[in-house]
Amino acid sequence: PEGLKVFYSITDGDPFSQFTINFNTGVINVIAPLDFESHPAYKLSIRATDSLTGAHAEVFVDIVVEDINDNPPVFVQQSYAATLSEATVIGTYVVQVRATDSDSEPNRGISYHMFGNHSKSHDHFHIDSSTGLISLVRTLDYEQFQQHKIFVRAVDGGMPPLSSEVIVTVDVTDLNDHSPLFDQPVYEAKISEHAAHGHFVTCVKAYDADSSDIDKLEYSILSGN
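Residues numbered from 1 in each chain as written. Predicted model: local features only at pLDDT ≥ 70, side-chain atom pairs only at ≥ 80, totals over all residues. Heavy atoms only, no water.

A. The arrangement of the overall build of the chain in detail. Scanning the chain from terminus to terminus reveals zero helices and 16 strands. The C-alpha radius of gyration of the chain comes to 37 Å, more than 25% above the 17 Å expected for a compact globule of 225 residues. Taking the principal axes of the C-alpha coordinates as reference, the chain spans close to 140 × 30 × 20 Å. Counting only residues that meet the buried cut, the chain has 27% of its 225 residues in that class. A separation threshold of at least 6 residues defines the contact pool for the chain, and within that pool the share at least 24 residues apart is 59%. With an accessible surface of roughly 15,100 Å², the chain has 53% of that area assigned to carbon and sulfur atoms. Counting 12 positive and 32 negative side-chain charges, the chain places the centres of these two groups 2 Å from one another. (Helix = DSSP H or I, 4+ residues; strand = E, 2+ residues; numbered from the N terminus. Rg over C-alpha atoms; globule rule 2.2 N^0.38 Å. Buried < 20%, exposed > 50% of the residue type's maximum accessible area, 1.4 Å probe, protein only. Contact = heavy atoms within 4.5 Å. Areas by Shrake-Rupley, 256 points an atom, 1.4 Å probe, with all protein chains shown as cover. Lys, Arg positive; Asp, Glu negative; His and termini not counted. Charge placed at Lys NZ, Arg CZ, Asp CG, Glu CD.)

B. Up close: the environment of Tyr80. Looking at the element boundaries, Tyr80 is found in strand β7 (residues 80-85). Judged by its relative accessible area of 4%, Tyr80 falls in the buried class. Along the sequence, Tyr80 and Ser135 sit 55 residues apart, while their C-alpha atoms lie 14 Å from each other. The contacts of Tyr80, once residues within four sequence positions are left out, are Phe75, Val95, Gln96, Val97, Arg98, Val166, Ile167, Val168 and Thr169.

C. Seen up close, the packing of aromatic side chains. Per the stated rule, a full pass over the model turns up six aromatic pairs. Residues Phe19 and Tyr42 carry aromatic rings whose centres are separated by 5.0 Å and whose planes lie at 75° to one another, so their mutual orientation is edge-to-face. Highlighted residues: Phe19 in strand β2 (residues 19-21) and Tyr42 in strand β4 (residues 41-50), separated in sequence by 23 residues. The two residues Phe19 and Tyr42 agree in class, both being buried. Between Phe75 and Tyr112 the ring centres are 6.5 Å apart and the planes differ by 50°, which places this aromatic pair in the tilted class. Of the two residues, Phe75 sits in strand β6 (residues 74-75) while Tyr112 sits in strand β10 (residues 110-114), which places them 37 residues apart along the sequence. Classification of Phe75 by relative accessible area gives buried; the value is 10%. Using a relative accessible area of 5% as the deciding quantity, one classes Tyr112 as buried. Joined through ring pairs, the aromatic side chains of Phe182, Tyr187 and Tyr219 make up one cluster. One Lys or Arg, Arg153, reaches over the ring of Phe115 and ends 4.1 Å from the middle of that ring. (Phe/Tyr/Trp six-rings, centres within 6.5 Å; stacked < 30°, edge-to-face > 60°. Lys NZ or Arg CZ within 6 Å of the ring centre and 35° of its normal.)

D. A look at the layout of surface pockets. Taken as a whole, the largest pocket encloses approximately 390 Å³ of empty space. Lining the largest pocket are 15 residues, and of these Phe182, Val204, Tyr219, Ser220 and Ile221 lie nearest its centre. Here the residues of the lining of the largest pocket sort into eleven nonpolar, three polar and one charged. (1 Å grid on protein atoms, 1.4 Å probe; cavity = no way out; pocket = protein on both sides within 12 Å on 5 of 7 lines; lining within 4 Å. Points joined across faces, edges and corners; volume = space filled by probe spheres on them. Nonpolar A, V, L, I, M, F, W, Y, C, P; charged D, E, K, R; others polar.)

E. Geometry of the sheet that holds strand β11 (residues 125-127). Pairing within the open sheet is antiparallel, and its three strands lie in the order β8-β12-β11. What marks the edges here is a single partner per strand, and that holds for β8 (93-96) and β11. With direction set aside, neighbouring strand axes in the sheet form an average angle of 20°. By the bridge criterion, three bridges tie β8 to strand β12 (residues 133-136) in an arrangement that is antiparallel. (Pairing = 2+ DSSP bridges. Axes fitted to C-alpha atoms, helices over the stretch in contact; angles between N-to-C directions.)

F. Geometry of the pairing of β12. Alignment of β11 against β12, held across three bridges, turns out to be antiparallel. For Ile127, the partnering residue across the bridge sits in β12 and is Ile134. Two successive antiparallel strands, β11 and β12, enclose a turn made up of five residues, where Gly132 displays a positive phi of approximately 80°.

G. Layout of the environment of His124. Within the element layout of this structure, His124 appears in the loop between β10 and β11. Accessibility expressed as a relative area gives 5% for His124, which makes it buried. Along the backbone, His124 and Arg138 are 14 residues apart, and their C-alpha atoms lie at a distance of 4.6 Å. Excluding residues within four positions of it along the chain, His124 makes contact with Ser135, Leu136, Val137, Arg138, Thr139, Leu140, Phe145 and His148.

All we've got here are geometric facts, nothing functional implied.
Right, dumping it as structure tokens:
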């Protein structure tokens, strides 16, 4: 009432010294970066002090921090791997990728997508955009591709959106699905009737497209002997 000077100060609620108050005017300013994820709200206790008598009054100032999309999705694993037989049926689940986002909704909503076209690998698989579940949509062929690499991107719901990427490696195991093939349909040989026991006649040769059988072929005479 006497028109004496009043001084202002922050007495509590600013544990990281992110705010300051003008000693004379009472204007509060931000002086350090804010982070919604670590501290979404503040309750500052402000004191007004009579410059002559030291008498004071206090009031609370509630400060609510609004989130921005400043955190990209992070996959829970650095990479993913799976092994499938080339006999695996279409529709089989391969692996599920998962990412997390530190932002609040709707910024933390995540969708999953395959991107790029690497050796036609993506033609064999489908990813559920909401769950990250990858399934087989095309028959595998070990003789064509022994390994597939799937490139997956997780995109959050912020504006603008942020994203991160991960590689899923799928190894294909061989199945005995090819018969041996001789390198020619007919072999002919001539031999003298005087040939001794153990005389060389001819050599037949067969090949097998299955890697598991390539060195395990056995030959036998079925008839005509």
